[in-house]
2 protein chains.
Amino acid sequence: MVTEFTGGGDPRRSLELLWGVRDAARRGPKPRLTTEDVVRGAIALADAEGLQAFSMRKVAEALGVSPMALYTYVPSKAELIEVMIDRAWGEVPLADQAPGDWRARLETKARQDWEHMQRHPWMLQIAAHRPPLGPNIARRYESAFRIVDHLGLTDVEMENVIALVDNYVRGAVRVVVEASEVEARSGIDDREWWMSRSPVLAELITPDQFPTATRVGDSCRDFHEVEAKRPQNFEFGLQRVLDGVAAFVAARHDAKV
Amino acid sequence: MVTEFTGGGDPRRSLELLWGVRDAARRGPKPRLTTEDVVRGAIALADAEGLQAFSMRKVAEALGVSPMALYTYVPSKAELIEVMIDRAWGEVPLADQAPGDWRARLETKARQDWEHMQRHPWMLQIAAHRPPLGPNIARRYESAFRIVDHLGLTDVEMENVIALVDNYVRGAVRVVVEASEVEARSGIDDREWWMSRSPVLAELITPDQFPTATRVGDSCRDFHEVEAKRPQNFEFGLQRVLDGVAAFVAARHDAKV
DNA sequence: CTTCTCTTCGTACACTGTACGTACTTATTG
DNA sequence: CAATAAGTACGTACAGTGTACGAAGAGAAG
């Protein structure tokens, strides 16, 4: 899993790419593809084949085009992924009008993000810092801030809250994605992995030296289906995070009254 | 930034590597290095040169050895990083005996982790799922669980709480690391980056279409020194997370009484 | 037509991790 | 001591990556 970095290229070009404002070609042979074709093909490939199969050469092959031809439409791999990300967010509804109060809406948004990023694991490939500021992501920012607007928080606090929830979701998704990546790549699932090293580990991590860790470890592993309980773990963390935010909001509110 | 995956190799070999139980060589030429030399050199290199300069060839060069010679001591790059990680955690004190109650101790641990991972950004390179179960990490697990032991939580809940805090810290560190990576690699700092695209963005993300986002964005950017306020942002999120955990602990406690 | 501007894409480069096979070195064994 | 076996050491090579560069060709504008 590779985190890509942008920022090298021409800023105007990048933004035009994201917003789809591209003056039609005037001269020369007509392009046989559009940027949107490339993005669509790339998304399809990345979804289908997984992260490790996603390379510029593979995208080109899937489109029936030579590798270098892609660079006519897209300045680099990182910027291609940026556009992919922005486009993919377009599928997800906005949560600022979802039913319930701000907390219910934040929950809705978090769950949407959680599911969406699992569906498109390549979303984690772009550094969260300096996100691709395309139309869909701009809309999502607007929507997110609206959820926590008018709660008595300062703008900076609002930003912090949104970043906190986003950070939580991204981290949780990352664990899931890494888990399935590691399985796909090594062909060894978690159970086998654990079984293969538990006898050796049992000699190294002994209950008398690590009483608490071994106890907790055993309790957690007694639960069958680590995968099945992932949503519950996600939900647990989400509730704790939102409880913390709620306490903060309540304190701000009381202070005002 | 690349996330490496292990799990391919012989489990016994991996664990012996981590725990340093390696039967001395019996025959053949005496190894001119030890695994520990390789690990030390690799850590020094990774700390000094940054993530992008960290490759097996560079490590070998730094040690004055041919690239392939490393594979005598270490089965793969991923497993080398695993050992590096375990060794590096050895520097950080354990927090279960830190002053204060469980919350103060969790705070201490979170801050230690936060600082330590910033000092050693390559720590984020190994998938958090299936962590390297070496002696130092085992000790840290034991210590972490002791902090939240005897609070009335079930073992699974304890695990969830520790995972939640850890997830938060890792995410926060990731943002910082990615930020400095992107600067080092592109030579463009955040201010320049923003300045170069804000004129174009101003035409695309307009206050009438995105009133809340533009307002919040402006407020956040008014603060000089995004970097300088990172610790504050970290602290903000950490307090919210811990507030959430505290509420949960309190609820469990009340339920019992 | 000529000229200019664009798309297209073959070749090539620098880089990665590491599989494989060979040569060498030494401790153990006969 | 000589033979053997078990190691280490490492050169070469491969498959893969993103993409720089430049040449070739296509179509519109003058």
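Conventions adopted
Residues numbered from 1 in each chain as written. Chains lettered and ligands numbered in written order. Predicted model: local features only at pLDDT ≥ 70, side-chain atom pairs only at ≥ 80, totals over all residues. Heavy atoms only, no water. Contact = heavy atoms within 4.5 Å. Buried area = accessible area lost by both parts, 1.4 Å probe. Salt bridge = Lys/Arg side-chain N within 4 Å of Asp/Glu carboxyl O. Least-squares fit on C-alpha atoms with pLDDT ≥ 70 in both. Near = heavy atom within 4 Å. Helix = DSSP H or I, 4+ residues; strand = E, 2+ residues; numbered from the N terminus. Expected span 1.5 Å × (residues − 1). Buried < 20%, exposed > 50% of the residue type's maximum accessible area, 1.4 Å probe, protein only. Axes fitted to C-alpha atoms, helices over the stretch in contact; angles between N-to-C directions. Parallel < 35°, antiparallel > 145°, perpendicular 65-115°, else oblique. Left-handed = near helix turned anticlockwise from the far one by under 90°. Nonpolar A, V, L, I, M, F, W, Y, C, P; charged D, E, K, R; others polar.

Another point: the interface of chain B and chain A. Of the residues lining the interface, 74 residues belong to chain B; the matching set on chain A comes to 74 residues. A buried area of about 7000 Å², summed over both sides, lies between chain B and chain A, and 68% of it is on carbon and sulfur atoms. On the chain B side of the interface with chain A, the three residues burying the most area are Phe-5, His-129 and Arg-130 of chain B, jointly 11% of the side's total. If you look at where chain B meets chain A, you find four salt bridges.

Here we come to the relation of the copies chain B and chain A. One copy of the chain maps onto the other through a rotation about an axis plus a displacement along that axis. For the pair chain B and chain A, the best superposition has an RMSD of 0.0 Å and corresponds to a rotation of 180 degrees with a translation of 0.0 Å parallel to the axis. A rotation of that kind, with that shift, is consistent with a two-fold axis. Both copies present the same face, since 100% of the interface residues in chain B are matched by interface residues at the equivalent positions in chain A.

Moving on to the protein's contact with DNA strand D. By nearness alone, 26 residues border DNA strand D, and Arg-57 and Tyr-71 of chain A together with Arg-32, Ser-66 and Tyr-73 of chain B come closest of all. Counting only atoms of DNA strand D within 4 Å of the protein, the sugar-phosphate share comes to 61%.

In a regular helix each residue adds 1.5 Å, so 18 residues correspond to 26 Å; helix α5 (residues 102–119) of chain B covers 26 Å between its end C-alpha atoms and thus fits that length. Buried within α5 of chain B are the following residues: Trp-102, Arg-103, Leu-106, Glu-107, Lys-109, Ala-110, Gln-112, Asp-113, Trp-114, His-116 and Met-117 of chain B.

Let us now look at the side chain of Arg-174 of chain B. Along the polypeptide, Arg-174 of chain B turns up in helix α7 (residues 155–186). Residues in contact with Arg-174 of chain B, not counting those within four places in the same chain, are Arg-174 of chain A together with Met-1, Thr-3 and Leu-124 of chain B.

Further remarks concern the packing of helix α4 (residues 77–89) of chain B against helix α6 (residues 135–147) of chain B. All names here are of chain B. Two elements in contact, α4 and α6, have axes whose closest approach is 7 Å; the angle formed by their N-to-C orientations is 55 degrees. Relative to α6, the element α4 lies oblique. As for the relative orientation of α4 and α6, their crossing is left-handed in sense. For the pair α4 and α6, the contacting residues are Ile-85, Asp-86, Arg-87 and Trp-89 in the first and Pro-135, Asn-136, Ile-137 and Arg-140 in the second. Of the residues belonging to the contact of α4 with α6, the class tally is four nonpolar, one polar and three charged.

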